[in-house]
Number of protein chains: 2
Amino acid sequence: MLKEDSFSVTQDCSDCPIRHRAVCARCESDELERLEDIKYYRRFEAGQTVIWSGDRMDFVGSVVSGIATLTQTMEDGRTQMVGLLLPSDFVGRPGRNTAAYDVVATTDMVMCCFRKAPFEDLMERTPHIAQRLLQMTLDELDAAREWMLVLGRKTAREKIASLLSIIARRDASLNFGGLDGPVTFDLPLTREAMADYLGLTLETVSRQVSALRKDGIITLEGKRHITVPDMSLLLEEAGDDTDGGMLV
Amino acid sequence: MLKEDSFSVTQDCSDCPIRHRAVCARCESDELERLEDIKYYRRFEAGQTVIWSGDRMDFVGSVVSGIATLTQTMEDGRTQMVGLLLPSDFVGRPGRNTAAYDVVATTDMVMCCFRKAPFEDLMERTPHIAQRLLQMTLDELDAAREWMLVLGRKTAREKIASLLSIIARRDASLNFGGLDGPVTFDLPLTREAMADYLGLTLETVSRQVSALRKDGIITLEGKRHITVPDMSLLLEEAGDDTDGGMLV
DNA sequence: GTCCGGTCTTGATCTGTGTCAAAGCTGACT
DNA sequence: AGTCAGCTTTGACACAGATCAAGACCGGAC
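Residues numbered from 1 in each chain as written. Chains lettered and ligands numbered in written order. Predicted model: local features only at pLDDT ≥ 70, side-chain atom pairs only at ≥ 80, totals over all residues. Heavy atoms only, no water.

K.L.:
Quick question: what am I supposed to make of the sheet that holds strand E8 (residues 183-186) of chain A here?
P.N.:
The pairing of strands in a sheet comes from backbone hydrogen bonds and takes either a parallel or an antiparallel form. All names here are of chain A. Spatial strand order, E8-E10-E9: 3 strands in an open sheet with antiparallel pairing. Sheet topology places E8 and strand E9 (219-221) at the edges, where each strand pairs with a single neighbour. Neighbour to neighbour, the strand axes of the sheet diverge by 20° on average, direction disregarded. With 3 bridges connecting them, E9 and strand E10 (residues 225-228) associate as antiparallel partners. Note on E10: the bridge partner recorded for threonine 219 is threonine 227. (Pairing = 2+ DSSP bridges. Helix = DSSP H or I, 4+ residues; strand = E, 2+ residues; numbered from the N terminus. Axes fitted to C-alpha atoms, helices over the stretch in contact; angles between N-to-C directions.)

This is how it looks when you write it as structure tokens:
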């Protein structure tokens, strides 16, 4: 279950600042009005595991700001990140989930609760929203499968390039920036988190990031601020000339 | 698009031999009757790619017999299998799919076509079936995420053990067999296909299968017929003591 | 300022898996 | 029966990435 004391309601949803891909009081007001249910913000603080593997999800929500990760763990402690939650991403599903949600940076979410179970409501009362939910789930499935290719077949350098291009793309689309000129963004993950995502060690991540810098594919300011002079070069490094959307 | 000449209608669905997890004329007759649409068998022959990456899926169906795989490919030819279709599995989704479906062994499917687009029909006319579709998609997503852990963090030996235990479990559940005593099954995949699934080379697969045999975890008759004397030993090798369901 | 913990980089070495190569097996076809 | 092609096994070696270890950097607490 959600640990009730790990977050707090901060404000009403009415000034939701960004467009959400899922359900959101601002952007989908006409659809959600009819649900007549509660919409509100919740804030999750960094460093917490807010949903545990095996928890039942009794809500739907959309990320407004911050970043969280979805992680699978083995008994001996090995972990694999299986998803990244960035602003505009949707959270929530019927039944139990199998991965743990860890908050990396303070994250605000728009939560939508329902009088009945959220998913019964969604399916019965608003089939068109249910259809969107299905579409988003399928998108996540596609993303997971593309990531399987990254994990199974790409080299360390290609993996790093893949991750950077995903984050760059996500960032650009949120800020309505283009991918033609240089792209600049802040890396929201530590080297260790990147390693967890890519099935590598943090040392290898560090080395490969340095290598990409030496080769002029990326520029670093500090540890986290990255500029990509030419996205097509990065995509080439990723072994990924299709510039179609990848990942979550 | 489905290559229309790559399969043929063989018989009516009325004698559908197995229970399907998805939609099936026999098992869900009351639900599907109301759709008043065509249900029929189609046979796909081994060695074909029947659906290509980027194809639009204009049908839903369920595997009756045979085996097919879902594969992602890079431009340089590296491939990663991202899903396995075994009897009782469901196929079909709105929109385009990103992976190619390859038929490994002659596969019969129950196809359900609709007067309108299949997924509009599903969502609008039968929300309870739509809900099942969502649930199945989520199950696939869970499976994909568990597989990401396998690909990213497990050793070759653990990967082999994971794959074998998945197939053993699927096989046992289809044949209503238990997992307590010895489990026997036929490996439906070549060493190369196993390697594609596991992000390994076929040589490594061969070596690790031999190693598991030498260590008494499995017994081989011929190349493909496998007996697992004690499933718990195999699960331990997989680094996977939870005997919960994995993968597709 | 100094200390300190967390993060990141770099180096040296080790090892698991890939690569290349050769040969064994098995079933299908003539 | 022989032969052939596809699949599989096994060996020798190479190399990418892991592991172990030492420091560098950087921001916050005091």
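Now that the structure is up, let's keep going.
K.L.:
Sorry, what's going on with helix H5 (residues 191-198) of chain B here?
P.N.:
Since the α-helix packs 3.6 residues into each turn, any two residues three or four apart lie on the same face. Burial analysis of H5(B) places 6 of its 8 residues in the buried class, the great majority of the element. Burial in H5(B) covers these residues: B:Arg191, B:Ala193, B:Met194, B:Ala195, B:Tyr197 and B:Leu198. (Buried < 20%, exposed > 50% of the residue type's maximum accessible area, 1.4 Å probe, protein only.)

K.L.:
Help me out: how do you make sense of the interface of chain B and chain A in this one?
P.N.:
Size of an interface: often given as the accessible area lost when the parts come together. Contacts between chain B and chain A engage 48 residues on the former and 48 residues on the latter. Of the roughly 4,400 Å² buried at the junction of chain B and chain A (both faces included), carbon and sulfur atoms supply 60%. Inspection of the chain B/chain A interface yields 6 salt bridges. Breaking the side of chain B that touches chain A down by element, the ones donating at least two residues are strand E4 (60-73), strand E5 (79-85), helix H2 (118-125), helix H3 (127-153) and H5 of chain B. Ranked by residue count, the leading element in the side of chain B that touches chain A is H3(B), at 20 residues. Split by residue class, the side of chain B that touches chain A holds 20 nonpolar, 13 polar and 15 charged. (Contact = heavy atoms within 4.5 Å. Buried area = accessible area lost by both parts, 1.4 Å probe. Salt bridge = Lys/Arg side-chain N within 4 Å of Asp/Glu carboxyl O. Nonpolar A, V, L, I, M, F, W, Y, C, P; charged D, E, K, R; others polar.)

K.L.:
Please explain helix H4 (residues 156-174) of chain A as it appears in this structure.
P.N.:
Between its terminal C-alpha atoms H4(A) stretches 27 Å, which fits the 27 Å expected from 19 residues at 1.5 Å a residue. Burial runs high along H4(A): 15 of the 19 residues are buried. (Expected span 1.5 Å × (residues − 1).)

K.L.:
Would you take a moment to explain the sheet that holds strand E10 (residues 225-228) of chain B for this structure?
P.N.:
Residues and elements named next belong to chain B. Judged by pairing direction, the sheet is antiparallel, and its 3 strands sit side by side in the order E8-E10-E9 without closing on themselves. Where the open sheet ends on each side, the last strands, each with one partner, are strand E8 (183-186) and strand E9 (219-221). With strand direction ignored, the average angle separating the axes of adjacent strands in the sheet is 20°. Summarising the sheet, E8 and E10 pair through 4 bridges and their orientation is antiparallel. Residue pairing for E10: aspartate 186 is matched across the bridge by histidine 225.

K.L.:
What exactly am I supposed to notice about the pairing of strand E5 (residues 79-85) of chain A here?
P.N.:
Every other side chain in a regular strand lies on the same face of the sheet, so the side chains alternate between the two faces. Residues and elements named next belong to chain A. With 7 of 7 residues buried, E5 lies mostly within the body of the structure. With 6 bridges joining them, strand E4 (residues 60-73) and E5 adopt antiparallel strand pairing. Within the sheet, the bridge partner assigned to glutamine 72 lies in E5 and is glutamine 80. Hairpin connection, E4 to E5: the antiparallel pair is bridged by 5 residues, and glycine 77 has positive phi, about 105°.

K.L.:
Sorry, what's going on with the pattern of salt bridges here?
P.N.:
Two side chains that carry opposite charge are able to pair once their charged atoms sit near each other. Counting across every chain of the model gives 16 salt bridges over all chains. Across the pair A:Arg78 and B:Glu158 runs a salt bridge, and its minimum N-O distance is 2.7 Å. With A:Arg78 in the loop between E4 and E5 and B:Glu158 in helix H4 (residues 156-174), this pair bridges two chains. Using a relative accessible area of 22% as the deciding quantity, one classes A:Arg78 as partly exposed. Under the relative-accessibility criterion, B:Glu158 is labelled buried at 11%.

K.L.:
Explanation requested: the protein's contact with DNA strand C in the structure shown.
P.N.:
The local shell around DNA strand C holds 16 residues, among which A:Arg191, A:Ser206, A:Arg207, B:Thr204 and B:Arg207 are the closest. Among the atoms of DNA strand C close to the protein, meaning within 4 Å, 66% are from sugar or phosphate groups. Between DNA strand C and A:Arg224 there is a distance of 2.9 Å, counted from a phosphate oxygen to a side-chain nitrogen or oxygen. Sorting the residues of the surface near DNA strand C by element identifies helix H6 (202-214) of chain A together with helix H6 (202-214) of chain B as the ones contributing at least two each. Top element by residues in the surface near DNA strand C is H6(A). It accounts for 4 residues. Looking at the surface near DNA strand C, its residues break down into 2 nonpolar, 7 polar and 7 charged. (Near = heavy atom within 4 Å. Polar contact = N/O pair within 3.5 Å; in protein donor to acceptor, adjacent residues only side chain to side chain.)

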